[in-house]
Amino acid sequence: MEVDISGAKVFFTFPFDFPLLGKFQLSETIVVSWIVMILITGLCIWLTHDLKVENISKRQAVAELLVEKANSFVIGNMGEKFRYFIPFVAALFVTSVVSNLISLIGLRSPTADLSTEAAWAVVVFIMITYQKIKAGGVGGYLKGFTQPIPILTPFNVLSELATPISMACRHFGNILSGVVINALLYGALAVASSALLGLIPGVVGDLLSQIPILDVGIPAVLSVYFDWFSGFMQAFIFCMLTTMYIANAAEEG
């Protein structure tokens, strides 16, 4: 069964109800997200297979370079005491990049679905809150909402809740805009191809007008920005905000 829900197809709905969850729907976002995780897992296994101390292979050199970049990024932005966040931030970055770029092979990017970024943002928000409570205690965390004066408490609460919302919507909006623009571009070029080649008289024109020739090449140039540059940039920004918010939360607490 396929129905359209906010651009993501639902491939299958289980006929029985799960407690507290209702009917479980297997959507396109879930399917592609699992494909992304399988690809990342396979890449990690391939990069870390048969590691050596001496005479390392180019594959191992790439793996070590990636680990060094992840270490320097997290430690440089958060400090040595947050070293244990390296696996989380690295996994978040790689998942975001692969999810953003998977549209290049014709699959719908999971990050074009707000639920994906919302889940990431909620996890980050929980970590931020935990760091604040860990540093200042529950009392100190709650007292922070009344600063500098108690009358600002509602605004401080809204500001706290705005953190995960802004992180999710920023990433989602940029990725979705690229998906929409690419779709509009393909559609416009297909219409232009049909109109242009339709000017050729006879059966040849009728045949060629059915082939979207202009869709070949031109969209690939724009995908350098919308897919490659924007995909890497949004993953970098999301991870940068994650490290900054968590580090600042520990200091504020």
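Here is what the cut-offs are and how they apply
Residues numbered from 1 in each chain as written. Predicted model: local features only at pLDDT ≥ 70, side-chain atom pairs only at ≥ 80, totals over all residues. Heavy atoms only, no water. Helix = DSSP H or I, 4+ residues; strand = E, 2+ residues; numbered from the N terminus. Buried < 20%, exposed > 50% of the residue type's maximum accessible area, 1.4 Å probe, protein only. Contact = heavy atoms within 4.5 Å. Phe/Tyr/Trp six-rings, centres within 6.5 Å; stacked < 30°, edge-to-face > 60°. Lys NZ or Arg CZ within 6 Å of the ring centre and 35° of its normal. Axes fitted to C-alpha atoms, helices over the stretch in contact; angles between N-to-C directions. Parallel < 35°, antiparallel > 145°, perpendicular 65-115°, else oblique. Left-handed = near helix turned anticlockwise from the far one by under 90°. Nonpolar A, V, L, I, M, F, W, Y, C, P; charged D, E, K, R; others polar. Expected span 1.5 Å × (residues − 1). pLDDT = per-residue confidence, 0-100. Core = buried A, V, L, I, M, F, W, Y, C linked by side-chain atoms within 4.5 Å. Salt bridge = Lys/Arg side-chain N within 4 Å of Asp/Glu carboxyl O.

Checked against the element boundaries, Ser-96 lands in helix 3 (residues 86–101). The exposure class assigned to Ser-96 is buried, which follows from its relative accessible area of 2%. A C-alpha to C-alpha distance of 7.4 Å links Ser-96 and Thr-111, two positions 15 residues apart in sequence. Here Ser-96 is in contact with Trp-120, His-171 and Ala-235, once residues within four sequence places are set aside.

What follows concerns the environment of Leu-104. Looking at where Leu-104 falls in the secondary structure, it is placed in the loop between helix 3 and helix 4 (114–143). Here Leu-104 falls in the partly exposed class, since its relative accessible area comes to 37%. Spatially, the C-alpha atom of Leu-104 lies 9.1 Å from that of Trp-228, the residues being 124 residues apart in sequence.

Here a ring pair, both rings aromatic, is described through the centre-centre distance and the interplanar angle of the planes. Scanning the model with the defined rule gives six aromatic pairs in all. A centroid spacing of 6.4 Å and a plane angle of 35 degrees characterise the contact between Phe-82 and Tyr-84, whose relative ring orientation is tilted. The class for Tyr-84 is partly exposed, based on a relative accessible area of 49%. Their ring planes at 80 degrees and their centres at 5.1 Å tell us that Tyr-141 and Phe-145 sit as a pair that is edge-to-face. This pair shows no difference in class: Tyr-141 is buried, exactly as Phe-145 is. Three or more aromatic residues joined by ring pairs make a cluster, and in this case those are Phe-82, Tyr-84 and Phe-85. The positively charged end of Arg-59 is found above the aromatic ring belonging to Trp-46, 5.9 Å away from the centroid.

Between helix 4 and helix 5 (residues 153–197), whose axes approach to 9 Å, the crossing angle comes to 155 degrees. Here helix 5 runs roughly antiparallel to helix 4, going by the angle between their axes. When the axes of helix 4 and helix 5 are compared, the crossing they make is right-handed. In this structure, helix 4 uses Leu-114, Glu-117, Ala-118, Trp-120, Ala-121, Val-124, Phe-125, Ile-128, Lys-132 and Tyr-141 to contact helix 5, whose residues at the interface are Glu-160, Leu-161, Thr-163, Pro-164, Met-167, Ala-168, Cys-169, His-171 and Phe-172. Classifying every residue of the contact of helix 4 with helix 5 by side-chain character gives 14 nonpolar, two polar and three charged.

In this section: helix 3. Its 16 residues place the ends of helix 3 22 Å apart at the C-alpha level, agreeing with the 22 Å of an ideal helix rising 1.5 Å per residue. Looking only at helix 3, the buried set comprises Ile-86, Val-89, Leu-92, Ser-96, Val-97, Ser-99, Asn-100 and Leu-101.

Next up on the list: the confidence of the model for the protein chain. For the protein chain, the mean per-residue pLDDT works out to 81, and 83% of the residues sit at or above 70. At the low end of the mean pLDDT range in the protein chain sits strand 1 (residues 3–5), at 40; at the high end sits helix 3, at 92. Within the model, the stretch residues 1–5 combines pLDDT values under 50 with twelve contacts to residues more than four positions away or in other chains.

Another point: the nonpolar core. Membership of the largest hydrophobic core comes to 23 residues, with the highest contact counts inside it found for Val-74, Met-78 and Phe-85. Elements supplying a minimum of two residues to this core: helix 2 (58–78), helix 3, helix 4, helix 5 and helix 7 (218–252). Of all the elements, helix 7 adds the most residues to this core, at eight residues. Leaving out residues up to four positions away in the same chain, Phe-85 has contacts with Val-74, Met-78, Met-127, Gln-131 and Ile-246.

The next thing to look at is the pattern of salt bridges. Inspection of every chain in the model, using the stated rule, returns two salt bridges. As a salt-bridge pair, Arg-83 and Glu-80 come within 2.8 Å of each other at their nearest N and O atoms. Here Glu-160 and Lys-132 are joined by a salt bridge, their closest N and O atoms 3.0 Å apart. With Glu-160 in helix 5 and Lys-132 in helix 4, the pair connects residues that are 28 residues apart, well separated along the chain. For Glu-160, a relative accessible area of 12% gives the class buried. Residue classification places Lys-132 among the buried positions, given a relative accessible area of 15%.

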